[in-house]
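Working through the structure, step by step
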Amino acid sequence: QVDACLECGVGDHTSVVSKATTCSACDGGTYSEGLAVNCSVCAAGTASSGRASECFDCDAGKHSGDRAASCDSCEGGTWSNTSASGCTACVAGKSSGSSASSCSICDAGKYSGDSASSCDSCDAGKYSSVGSTECQNCTKGRYSPSTGSSECEDCIEGFFAHSVGMVLCLKCSSEVDSGYGPQYTSPAGSATCSECVKDSYMAANGECTSKVNGVVAKEEGTTLETLELEEWFYRFSRTSAVVYECTSVHNCLGGKIRSNGTTSDSICRVGSGGPLCSICEPHYFLSEYEGCLRCHITNAWLGPLLVLVLVVLLALATWRLHKQIMAWYNQHQARLIEASQTGTVLFVTMQILLILNTTHKNVGGETVPSPYINFLDTLSFMTLDMVQFVPFECMYTESSFDHL
């Protein structure tokens, strides 16, 4: 005899309102809190196993629908918070594996589209920054040699990258088919070989041309306008490719012709100008060994005045001592005649050598090497060229020879 009805416990139900003969366990995805006719359904985002007293929330990275006996993991490329009824796709520039509670941003050198389970590496010749949705081509003048690059590298000096997406740089001196060659070079990060090597310069037609004699060959990247001359050489303008050797070498200082100055101001010494820096300005005179010098007593007239004074003193001494001189001459006449003949031969010989050297120089011959040229310069007075002793230019306020 049954004295009373039994209560169904938590997780059980009777299925009927009255006359139940047994308690049945709730199925997965449902639950009861006891004394239940029917089991309650677990809402989306929760789940339960059999005979559950309550539903549990799905963990982050998982999801469920209504009446779920368990939570399913989110697939790669999606994510979820706790109690999620579905998974959310990762946006481009991020990725996730399965059961992810969040999406990870792509590292530099990688990229992704929407719903990506992983970030892909950029190809060689491309790069990307953090969180990129696509890779960018390396710009001209830069390259990336391997996959997964976070940035591109500049081409080093002497190399170039002529198009985007380059995986290596080309060498200027080797790319003859591209219009370059051994005379060409480039600064770092170049898309073209825009400069010339030290012994060449960029001509007006855009081609590298060998530097001629008289041009300094100590730096790369020289153009026709920036040619630097050695001492003793001249050119008429910044756009002139012809270089001349100066006749008055000490007037030609060398250097570059300034863009905001004249040729004379740039490469001629002070007081000189005109073609080949060969014309002295007013109040200057041409010294054979020092170029154009300013007219003043110490350098223009001191030498001639000293010579004149010496000649006058010698004449006075000869006049006062002429008897003693004549007596001494008569006593040593034979030896003096012999010495005079020897001196005459030496004097004429030196004049011939000096004139030959001057002629050789005037027709463009090479300068006589030292120490012979120093010896000839010391005896140059034997030419009896009075122009080099007397500065006639200083007698006039203006020069009559102002052009060639």
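See above for the structure.
The present account deals with the structure reproduced in this document. Bear in mind the structure is a predicted one, so any value in this text is a computation, not a measurement.

**Focus on the environment of Thr344**
Position of Thr344 among the secondary structure elements: in helix H4 (residues 333-362). Polar contacts involving the side chain of Thr344 include one to the main-chain carbonyl oxygen of Ser340, which spans 2.8 Å.

**Things to note about the pattern of salt bridges**
Per the counting criterion, the structure on display carries 4 salt bridges. Across the pair Glu228 and Lys218 runs a salt bridge, and its minimum N-O distance is 3.8 Å. Here Glu228, found in strand S25 (residues 228-229), pairs with Lys218, found in the loop between strand S24 (208-210) and S25; they are 10 residues apart in sequence, far enough to count as distant. A salt bridge links Glu219 to Lys256, with the nearest nitrogen and oxygen atoms 3.2 Å apart. Linking Glu219 in the loop between S24 and S25 with Lys256 in strand S28 (residues 255-256), this pair joins segments that are 37 residues apart in sequence.

**Things to note about unusual backbone geometry**
Among all residues save glycine, negative phi is the norm, and among peptide bonds the norm is trans. A positive phi angle, close to 55°, is found at Arg67, a residue other than glycine. On the secondary structure map, Arg67 appears in the loop between strand S7 (62-63) and strand S8 (72-73). Look at Arg67 and you get exposed, because its relative accessible area is 51%. In this model, Ser115 sits at a positive phi of 55°, which is unusual for a non-glycine residue. When you line up the elements, Ser115 lands in the loop between strand S13 (110-111) and strand S14 (120-121). With a relative accessible area of 40%, Ser115 lands in the partly exposed category.

Thresholds applied
- Residues numbered from 1 in each chain as written.
- Predicted model: local features only at pLDDT ≥ 70, side-chain atom pairs only at ≥ 80, totals over all residues.
- Heavy atoms only, no water.
- Helix = DSSP H or I, 4+ residues; strand = E, 2+ residues; numbered from the N terminus.
- Polar contact = N/O pair within 3.5 Å; in protein donor to acceptor, adjacent residues only side chain to side chain.
- Salt bridge = Lys/Arg side-chain N within 4 Å of Asp/Glu carboxyl O.
- Buried < 20%, exposed > 50% of the residue type's maximum accessible area, 1.4 Å probe, protein only.

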